[in-house]
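# Fold and geometry: a report
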Amino acid sequence: MPICSKLQALTAMEEYQIENLKNAAKQGNHNAERFMGYLYSKGDVEGFPKDFHLALHWYQEATKDRDGEAARMIGLFYYNGDGVPADSTKAAYWFEQAAKWGDWDACRRLATLYINGEGVPKNVEKGISWYKKAIQSGDIESARRLAMLYWMGDDVPRDQKKALHGLESSANEGNWVASRTLARFYLTGEDLPKDKEKATYWLQKASKQGDAVSRGVLAESYYWGEWLPCDKEKAAYWFEKAAKDYNSSAAKMLGVMYYNGEGIKKDQEKALYWLEKAAKWGESDAQRMVGAIYQQSEALKDKEKAEFWLKKAALAGDKEAQKWVNILYSNKDPKISETHQQVISALREKAEKGDKEAQYDLALKYSEGKEIAQDFKQAAYWFEKASNQGDLSATVNLGALYYGGQLGESDFEKAAALFQKVADQNYPKAQLFLGILYEKGKGLPKDNKKALSLYKQAADQGETEAEFILGYHYSQGEIVPQNFKKAALWYKKAAQNGSLRGQLNLGIAYIFGEGVPKNIPIAIYWLQQAANKNDIKAEINLGKIYADPKNQEIFALDTAADWFKKAANQGSEEAKNYLANLTSAETPNETSPKTESQPQATKDNQVKPKS
């Protein structure tokens with residue numbers, strides 16, 4: 001009787017009254033014992049407070065009858081440090097017991113421990129053997145992981161044939177990560193001939209299997225017409241599919257398409273509906289757009305909502321929204337009655353009653369310190385509350401506090417344990433942060449191969465920062481062989497997902513033709529995307545492009561001066577020097593300035609990953 005959700009727990013409670021369940025457990029019924037362990041570990045059913053000690057007790061009782069799922073849960077307790085000190089060796093012991101008793105999930109976890117040498121001596125052959133046992137039991141995720149082991153060739157001889165066979169088997173059995181990975185291989189030409197038809201096939205398969213990221217990729221490909229024919233109608237279809245899967249970027253794009261009538265009938269109310277969804281999911285662009293609609297629209301005007309969303313976007317750093325908020329407060333509407341004290345009080349009350357989302361929101365407010373006094377201990381307290389209820393974002397944010405040293409000295413080991421816990425659930429942000437720890441050797445042994453593997457896992461799920469980091473590493477060639485083509489590909493993914501640094505570095509790649517054909521107009525496009533966010537380096541590079549006489553078709557010193565002024569007004573000494581040289585080179589008697597006196601594009605304005 002596998003237990004994996006509160007709904008199942010409540011269903012089972014209809015069959016067993018609490019006392020009957022306890023009696024069955026006391027009489028040695030291993031299903032009841034395991035069920036008791038589950039209820040005490042979750043603490044979300046009346047009569048069963050959260051108590052890891054009691055949970056462990058009942059799981060151990062169930063293992064006396066060789067209950068594989070109970071043994072795996074004990075292994076997870078030791079692996080994650082839930083109610084017991086984290087101990088990978090004990091975790092490996094219990095996973096092995098569970099695996100021997102037929103639990104395929106434990107087979108996969110044990111395989112990973114052997115391959116990584118975690119809690120057991122590193123033994124890749126044993127790891128592969130356990131993966132194969134899990135695959136024989138029907139575990140499609142083990143098939144994908146084993147395939148990627150052969151694809152990467154880090155711990156075993158690289159075998160592309162085995163890798164493709166394993167990925168296709170896993171994908172055909174319904175694993176959308178495998179489907180999306182195959183699509184990426186065929187799209188990028190990573191050691192395979194590029195094949196747009198196969199890439200499209202696997203992307204569509206992943207989309208039908210429920211992968212919101214693949215749906216977003218299809219939508220953007222149709223929207224921009226990059227490797228699929230430009231088709232705004234199909235783009236709108238896939239954006240809507242992805243948006244219904246809580247893809248915030250897709251919801252924003254769908255809202256914009258409804259607002260502008262692109263490939264879909266113009267509809268301001270539907271535009272607002274989807275933009276507001278994206279705004280609630282944290283898209284600052286969408287928050288600003290929603291605020292502007294409520295502020296300007298005659299049919300939908302709502303001053304309070306306008307202020308609320310514009311403030312949200314402004315607090316997230318959106319420059320345009322900050323301008324809007326300044327206007328709002330300089331012409332304050334007396335009807336606006338929102339008070340922060342009332343809002344925070346109501347939020348705290350919900351959090352104290354156990355509302356997971358309220359706990360997370362309150363933790364964020366304490367962490368940011370923009371709406372209430374910054375208090376990292378309170379932030380950690382509420383993040384932990386939400387984390388204990390299964391909120392993966394809260395767990396990651398708690399790990400970030402330990403990483404950043406906001407709770408005292410940086411505790412990289414605690415951060416690593418929290419990130420690992422969530423990365424194991426295929427959560428891309430945790431995979432990203434765990435990769436950073438492996439790359440830097442903080443809290444974990446330095447391991448560039450693991451770092452790159454984690455970055456790719458995160459990037460494959462659309463994690464923008466991971467896409468940018470991969471682009472940077474391929475461009476530098478320090479921890480992976482230099483490959484400008486792959487660098488540009490990952491920069492482009494990051495840029496399309498809104499990464500300012502991805503946009504900047506992609507623009508520079510187009511200036512020099514590194515990994516992409518040299519194309520100054522496209523370089524200008526991407527640099528302008530970054531410059532629209534007031535990025536000084538993008539403004540300087542745009543100034544250099546327009547000031548370079550080699551770019552004859554667009555050579556324009558007045559435009560160059562405008563871009564240098566923008567950067568200079570933000571305090572850039574480099575821009576001030578360029579502006580001074582530009583001005584001194586212009587004389588009334590010269591029809592064109594001297595070439596050598598003009599600034600020309602260089603690569604020193606690229607940006608690196610953040611630490």
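## Notes on the overall build of the chain
From N to C terminus, the chain includes 33 helices and zero strands. Looking at the chain residue by residue over its 611 residues, the buried ones come to 48%. Of the contacts made within the chain by residues no fewer than 6 positions apart, 47% connect residues no fewer than 24 positions apart. Carbon and sulfur atoms form 47% of the exposed surface of the chain, whose accessible area is close to 29600 Å².

## Overview of the packing of aromatic side chains
Enumeration over the complete set of coordinates arrives at 19 aromatic pairs. Geometrically, the ring pair formed by Trp-151 and Phe-185 is stacked, given 4.0 Å between the ring centres and 15° between the ring planes. With a gap of 34 residues between them, Trp-151 in helix α9 (residues 140-152) and Phe-185 in helix α11 (residues 176-188) connect regions that are remote in the sequence. For Phe-185, a relative accessible area of 0% gives the class buried.

## With respect to helix α21 (residues 356-368)
Spanning 13 residues, α21 covers 18 Å between terminal C-alpha atoms, matching the ideal 18 Å at 1.5 Å per step. Residues of α21 that are buried: Ala-358, Gln-359, Tyr-360, Leu-362, Ala-363, Lys-365, Tyr-366 and Ser-367.

## Observations regarding the pattern of salt bridges
Here the structure, examined in full by the defined rule, presents 25 salt bridges. The residue Arg-108 makes a salt bridge to Asp-139 at a minimum N-O spacing of 3.0 Å. Taken as a pair, Arg-108 in helix α7 (residues 104-116) and Asp-139 in the loop between α8 (124-136) and α9 lie far apart in primary sequence, 31 residues in all. Among the residues examined, Asp-139 registers a relative accessible area of 4% and is labelled buried. One salt bridge connects Lys-576 with Glu-573, and the closest N-O pair in it is separated by 3.3 Å. Of the two residues, Lys-576 and Glu-573 are both situated in helix α33 (residues 573-585); the distance of three residues between them amounts to about one turn of the helix.

## Comments concerning the environment of Trp-130
Along the polypeptide, Trp-130 turns up in helix α8. The exposure class of Trp-130 is buried, given its relative accessible area of 10%.

## Examining helix α25 (residues 428-440)
The end-to-end C-alpha distance of α25 is 18 Å, a good match for the 18 Å that 13 residues give at a rise of 1.5 Å each. The buried fraction of α25 amounts to ten of the 13 residues, a majority that puts the element mostly inside the structure. Residues Pro-428, Ala-430, Gln-431, Leu-432, Leu-434, Gly-435, Ile-436, Leu-437, Tyr-438 and Glu-439 constitute the buried set of α25. Here the buried face of α25 lies against α23 (392-404), α24 (412-423), α26 (448-460) and α27 (464-476).

## Points about the environment of Tyr-59
Among the secondary structure elements, Tyr-59 is positioned in helix α4 (residues 52-63). Distance from Tyr-59 to Ala-32, taken between C-alpha atoms, is 9.8 Å for residues 27 residues apart in sequence. Setting aside anything within four residues of it in sequence, one finds Tyr-59 in contact with Glu-33, Arg-34, Gly-37, Tyr-38, Ser-41, Ala-70, Met-73, Ile-74 and Phe-77.

## Digging into the confidence of the model for the chain
The share of residues in the chain with pLDDT of 70 or more is 89%, and the mean pLDDT across the chain is 85. Segment residues 332-340 is flagged for pLDDT under 50; beyond a separation of four residues in sequence, or across chains, it makes 14 contacts in the model. Confidence over residues 585-605 falls short of pLDDT 50; this stretch has 41 contacts with residues more than four positions distant or in other chains.

## Regarding the environment of Leu-542
With respect to the helices, strands and loops of the structure, Leu-542 is situated in helix α31 (residues 536-547). Sequence separation between Leu-542 and Ala-523 is 19 residues; the distance between their C-alpha atoms is 8.8 Å. In this structure, Leu-542 is in contact with Ile-524, Leu-527, Gln-528, Ala-531 and Trp-563, ignoring residues within four places of it in sequence.

## What to know about unusual backbone geometry
Trans peptide bonds make up the majority, and among non-glycine residues the majority have a negative phi. In this structure, Arg-66 is a non-glycine residue whose phi angle is positive, near 60°. The residue Arg-66 is located in the loop between α4 and α5 (68-80) in this model. Assessed through its relative accessible area of 55%, Arg-66 is described here as exposed. Even without being glycine, Asn-534 reaches a positive phi, approximately 65°. In this structure, Asn-534 sits in the loop between α30 (520-531) and α31.

## Considering the packing of α8 against α9
In the contact formed by α8 and α9, the axes pass within 8 Å of each other and the chain directions differ by 145°. Viewed along their axes, α8 and α9 form a crossing whose handedness is left-handed. The segment α8 lies against α9, with Val-124, Ile-128, Tyr-131, Lys-132, Ala-134 and Ile-135 engaging Ser-142, Ala-143, Arg-145, Leu-146, Leu-149 and Tyr-150. Considered class by class, the residues forming the contact of α8 with α9 number nine nonpolar, one polar and two charged.

## Looking at the side chain of Gln-503
Counting through the fold element by element, Gln-503 comes out in helix α29 (residues 500-512). In contact with Gln-503, not counting residues within four places along its chain, are Ala-495, Gly-498, Trp-526, Leu-527, Gln-529, Ala-530 and Lys-533.

What counts, and at which threshold
Residues numbered from 1 in each chain as written. Predicted model: local features only at pLDDT ≥ 70, side-chain atom pairs only at ≥ 80, totals over all residues. Heavy atoms only, no water. Helix = DSSP H or I, 4+ residues; strand = E, 2+ residues; numbered from the N terminus. Buried < 20%, exposed > 50% of the residue type's maximum accessible area, 1.4 Å probe, protein only. Contact = heavy atoms within 4.5 Å. Areas by Shrake-Rupley, 256 points an atom, 1.4 Å probe, with all protein chains shown as cover. Phe/Tyr/Trp six-rings, centres within 6.5 Å; stacked < 30°, edge-to-face > 60°. Expected span 1.5 Å × (residues − 1). Salt bridge = Lys/Arg side-chain N within 4 Å of Asp/Glu carboxyl O. pLDDT = per-residue confidence, 0-100. Axes fitted to C-alpha atoms, helices over the stretch in contact; angles between N-to-C directions. Left-handed = near helix turned anticlockwise from the far one by under 90°. Nonpolar A, V, L, I, M, F, W, Y, C, P; charged D, E, K, R; others polar.

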